[in-house]
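Here's the letter readout for the chains.
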Amino acid sequence: MEGTYRYAYFATDKLLNSLSVYNAGYEKCHAGYQWGPGVRDHYLIHHIIRGKGCYTVGKRSYHLGAGDTFLLFPNVEAVYRADTDDPWEYAWVGFAGNDAYSMIAGTDFSYEEPVLNQTAISQELFQKIRAVYEVNGNTFEDAVSMTGELYSLMGFLMKHSSQKKKNENYKLNYVERARKYMEEKYSYPITVEDVAAYTGISRSYLFRLFCSVEKKSPKEYLLECRIRQAGQLLRQTDLSVQSIAHSVGFEDNLYFSKVFKKYKNCTPSEYRKMQ
């Protein structure tokens, strides 16, 4: 259709684990253009330059226009559609990585509110998204440059988020860091003190945050991770109960059996026979 355009970059390889740009570009859509319903495997920010459209996620629909920004979360079904009379023109950047969740948590984006009305910073936000696209390429140097511009964009969004939201998101970020550490390190004999040290807060503060968000203590969460993995090993391998205990972070075989029975209502040996 006359008057539409599309400039897009799509990465062929994800070269950085901390934060990696998957795609970027800007586009003037044709009337009624629609993506979805579908899911992405990464975060995807769209910033509307001009025009109008509708973004639907879950049971909520947002009618958006120039200066608004919306976010697709990974593995969350969504659909967005350009207006038929005044189709939108937007810039976008898609990304993922170990730091992505922490950064999103520091912005005003959330699962409950995946939309920002940021007219006061509209032009600068567009320029920062466009800057990611303008250094695109598939060499390692290009990936570093794009990630650098993406860090700048995320810092900008974090800087302009509300203070109340920042405080709440930083709390969630502490819990998320602690969860990921336990899920990755459960096979080692780590303690709650180790988790708190990695997270960067005191054990007592971690305990309060975890109970508030997860409705259980960090110790309970860690034990559940270990017992869940132990159950999988009992079902899928012929390893001895002692070997499995050591494989999931228990140094004492008797303590492992006691904890396993508490969570599964049977001993490890009985559980294996039932499976």
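Residues numbered from 1 in each chain as written. Predicted model: local features only at pLDDT ≥ 70, side-chain atom pairs only at ≥ 80, totals over all residues. Heavy atoms only, no water.

1. Digging into the sheet that holds strand 5 (residues 52-57)
Filter applied, for reference: If DSSP finds at least two bridges between two strands, the strands pair. Secondary structure follows DSSP: runs of H or I at least 4 residues long count as helices, runs of E at least 2 residues long count as strands, and numbering of each begins at the N terminus. Note on definitions: angles span 0 to 180 degrees between N-to-C directions of axes, and those axes are lines fitted to C-alpha atoms, for helices only across the stretch in contact.
Pairing is antiparallel across the open sheet formed by four strands, whose spatial order is 3-8-5-6. Edge positions in the sheet fall to strand 3 (34-38) and strand 6 (60-65), since each has one partner strand and no second. Looking at each pair of strands side by side, their axes are set apart by 15° on average, direction ignored. Pairing between strand 5 and strand 6: six bridges, direction antiparallel. Each residue of the ladder has a partner; that of Val57, found in strand 6, is Arg60.

2. Let's talk about the sheet that holds strand 7 (residues 68-72)
Pairing is antiparallel across the open sheet formed by six strands, whose spatial order is 1-2-9-4-7-10. Strands with a single pairing partner mark the edges of an open sheet, and in this sheet they are strand 1 (5-10) and strand 10 (115-117). Along the sheet, successive strands turn relative to each other by an average axial angle of 10°, direction set aside.

3. With respect to the pattern of salt bridges
Rules: When a carboxyl oxygen of Asp or Glu is within 4 Å of a side-chain nitrogen of Lys or Arg, the pair counts as a salt bridge. Between buried and exposed lies partly exposed: a residue is buried under 20% and exposed over 50% of the maximum accessible area for its type, with that area taken using a 1.4 Å probe on protein chains only.
Taken as a whole and assessed by the stated rule, the structure comprises nine salt bridges. Note that Glu214 is salt-bridged to Arg179, the shortest N-O span being 2.2 Å. Linking Glu214 in helix 6 (residues 203-214) with Arg179 in helix 4 (residues 163-185), this pair joins segments that are 35 residues apart in sequence. Of the residues examined, Arg179 reaches a relative accessible area of 18% and is grouped as buried. The shortest N-O distance in the salt bridge between Lys216 and Glu224 comes to 2.8 Å.

4. Quick look at the environment of Tyr26
Test applied: N or O atoms closer than or at 3.5 Å make up a polar contact, with two conditions inside protein: a donor-capable atom paired with an acceptor-capable one, and, for residues adjacent in sequence, both atoms drawn from side chains.
With respect to the secondary-structure elements, Tyr26 resides in strand 2 (residues 20-28). Exposure remark for Tyr26: the relative accessible area of 11% places this residue in the buried category. Tyr26 sits 98 residues away from Glu124 along the chain, and the two C-alpha atoms are 15 Å apart. At 3.2 Å, the side chain of Tyr26 forms a polar contact with the side chain of Arg130.

5. So, the environment of Leu71
Counted only if it meets this: Contacts were defined at the residue level, with two residues in contact if any of their heavy atoms lie within 4.5 Å.
Residue position: Leu71 is located in strand 7. Residue class for Leu71 comes out buried when judged on its relative accessible area of 0%. When the C-alpha positions of Leu71 and Tyr55 are compared, they lie 9.5 Å apart, and in sequence the two are 16 residues distant. Excluding residues within four positions of it along the chain, Leu71 makes contact with Tyr43, Leu44, Ile45, Tyr55, Ile104, Phe109 and Pro114.

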